[in-house]
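# Topology and contacts: notes
Below are the chains, spelled out letter by letter.
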Amino acid sequence: MKKLIPTICALLIVVFALWKCSSYPQHANAAYVKLGSLPTDVLPCCTVNQDTFKNWFAGGQVTAGGLVTPANSVAFPHNNNCDFYRWSEHMFLWMTSPLRGSTVLTSPIFYTVLPDSAGQRQLVQDVANKPLAMSDHLNKVGPDGLPVVRDVKGRLFEIEPSPAKNALVKDSTGKIVQVAAVRPGLKGNFLFVDKAGKAIAHPQAIITNTHAKGDIVARFAATNKKFIFLDANGNQVVSEEGQATGDVLISQNGALVYYLTEVNDVYAYYLTMTRPSGANQPNFPTTAKDRDAICAFARLHKVKSLPDSNALAIEIKTSWVEVSSLADTTGAGYITAYANINTYNTADSTKWVPNGHKVAKMAMIGMHIVGSVAGHPEMVWATFEHQNNAPDTTYAYVDKNNNVKTINQPTGGGWLLSNNAADPKPNIPHMGADTLGPHQYGDTIYAYKGYTISASNTLRTMPWGSAYGTVTNPEDKSSAKSNSEILSINNSVLGMLAANDVRNNYLLIGATWTSGGAPPNGDSYGAASHTAPYGIDTAQGTAIGTNVLANSTMETYMQTVSTSCFYCHSSHQTPPNLSPNSLSHVFAEIQPLVFKTLPPKAPAKK
């Protein structure tokens, strides 16, 4: 018992500190410096009415750090792009509102999605001011739920796991042959050699995935310690990093970026209610009838009410760094929370091995908000970033006089994720947690070939979710017009928030959805795709709104001119569907809530 006393005392000190320190910060002090600014002469083509904005706040008045109520997703109007962007802003302000010394997104309204040792995921209800559980790598998966890799041309491929030894391929005759070695060959190609030492003629990967939703390759280790990817037609896919995108991101101050996935109570009870009838549900809730059924199910399990049920189903993913790594070590200028995070032995610059855990104060730098709304079961996909994250590449917008203006890519450094905005080769991953092979489920961080575990320079190559000079969506016939809508609503909302409200430091990057709530086909409006390889894709089910949306803290190395959220979050089947399993990468793996069984009442005494 005496040995336990110091441990118990230490835990009490931590608990007291967490209780004492509110995780909702005040605005920045002198150490916090705001980088860059939005153009102020943007055409006001997407705004929020001042009276409407006041009514977003619980007290009907705009106050610094004031509680915002959620958007009513059941009554979502969906008349034009701006309706989606207003919904996104409203939801962000709600989730980042203070609530009982914490924030809404870290309150019991939300559940953290945690992986378990069986490869499934559990829902753990958040408790205000209790440390959250965060991960330091973000495994990106494709439409088949497989890890993805990007080739040197920027195209994305899913990777089907293959054995490290005794891997099999088909040769030019269709015969299955065991691969003994993969050796560097001529003109950058690799030779596949059989057990007899002979080259295998036209080797082709044996892809076992029967859905074949996307471009799938198999990975093979070569004798020069590189990896080669091979598809079922024998095409060799060249990737600079040679790894699946279990990339790890580090700030310029050496702080690991951590991630948190959460769902709200409506999502949790919807999943639990529908799971007994099979995991493949038709779509997420979008109507009052759907909402009422979920609330009735919750009441059956002794839950009096879901107070924010009109928000419908919400899934969020957030990114964080340790507050102690910031110039302002109080966390001023950031939404903050406490979390339990890995610590590492960093003596080896090419391999960091976990050596424990600690509770740390964390600063939020990014947020994905995904929510079902009336008429849109494919969900609205919005993303936000802290304004100091990274520089933007050159972009255009429309000013108040309907002139197109250009904001050039800046130079210099000072951003959290970049010390050189003019780096000619930005967004190059230096390290990751191997999502294939023996390290697939570990937290050990490995440097990629040619690099150490270190910071790279991040650039937002698709500012405001639009590629420069492209057609972005049916409503906006140019990227300049699309950018103007996002810039306009940012100016509108930030201009009405109190100057000392910490939420003033976060920007809406964009939001995407499909026309009329059609099942997403994985393509982006206006981009060349499998349905329109030589022209502009306007097919039903393409991503519209900001059509190439990405977050520099979560899709750092997956920013391309032809992909958006729906590239990975869709079925890629013919015809496409709206199943939660296709839209969400965690829905099928989440285990339903477990309800406590109340003991039977003792018989009344006579």
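Residues numbered from 1 in each chain as written. Predicted model: local features only at pLDDT ≥ 70, side-chain atom pairs only at ≥ 80, totals over all residues. Heavy atoms only, no water.

### A look at the pairing of strand β21 (residues 395-398)
- The two faces of β21 match: Tyr395 and Tyr397 on one face and Ala396 and Val398 on the other face are all buried.
- Across four bridges, β21 lies against strand β22 (residues 404-407) in antiparallel orientation. Note on β22: the bridge partner recorded for Tyr397 is Lys405.
- Where β21 folds back onto β22 in an antiparallel hairpin, the turn is made up of five residues, including Asn402, whose phi is positive at roughly 65 degrees. (Buried < 20%, exposed > 50% of the residue type's maximum accessible area, 1.4 Å probe, protein only. Helix = DSSP H or I, 4+ residues; strand = E, 2+ residues; numbered from the N terminus. Pairing = 2+ DSSP bridges.)

### Examining the environment of Cys568
- Here Cys568 shows up in helix α7 (residues 565-568).
- Taking the relative accessible area as the measure of exposure, Cys568 reaches 7% and is therefore buried.
- Remark: the alpha-carbon pair of Cys568 and Leu583, spanning 15 residues in sequence, is separated by 8.2 Å.

### Thoughts on the packing of aromatic side chains
- One pass over the full model with this rule turns up 20 aromatic pairs.
- Judged by centre distance (5.5 Å) and plane angle (70 degrees), the rings of Phe53 and Phe57 are edge-to-face. Each member of the pair, Phe53 as well as Phe57, carries the same accessibility label: buried.
- Between Phe284 and Phe587, the aromatic rings sit 5.6 Å apart at their centres with planes inclined by 85 degrees, giving edge-to-face as the arrangement. Remark: Phe587 occurs in the segment after α8 (580-583) and Phe284 occurs in the loop between α4 (265-274) and α5 (288-300); sequence separation between them is 303 residues.
- The rings of Phe76, Phe84, Tyr85 and Trp513 are connected pair by pair, giving a single aromatic cluster.
- Here the basic side chain of Arg275 rests over the ring of Phe587, its NZ or CZ set 5.4 Å away from the ring centre.
- The cationic tip of Arg460 hangs over the ring face of Trp464; the distance from NZ or CZ to the ring centre is 4.8 Å. (Phe/Tyr/Trp six-rings, centres within 6.5 Å; stacked < 30°, edge-to-face > 60°. Lys NZ or Arg CZ within 6 Å of the ring centre and 35° of its normal.)

### Looking at the state of the cysteines
- For the coordinates displayed, the defined rule picks out one disulfide.
- Note that Cys46 is cross-linked by a disulfide to Cys82, the S-S spacing being 2.0 Å. One disulfide, between Cys46 and Cys82, carries an S-S torsion of 90 degrees and so falls in the right-handed class. Taken together, the positions of Cys46 in the loop between α1 (4-20) and α2 (50-56) and Cys82 in helix α3 (residues 81-95) put the pair 36 residues apart, joining distant regions of the chain. (Disulfide = S-S within 2.5 Å.)

### Regarding the side chain of Asn504
- Relative to the helices and strands, Asn504 is located in the loop between α6 (479-496) and β25 (506-514).
- Sequence-distant contacts of Asn504, that is, excluding residues within four places in its chain, are made with Lys34, Gln387, Leu494, Leu497, Ala498 and Ala499. (Contact = heavy atoms within 4.5 Å.)

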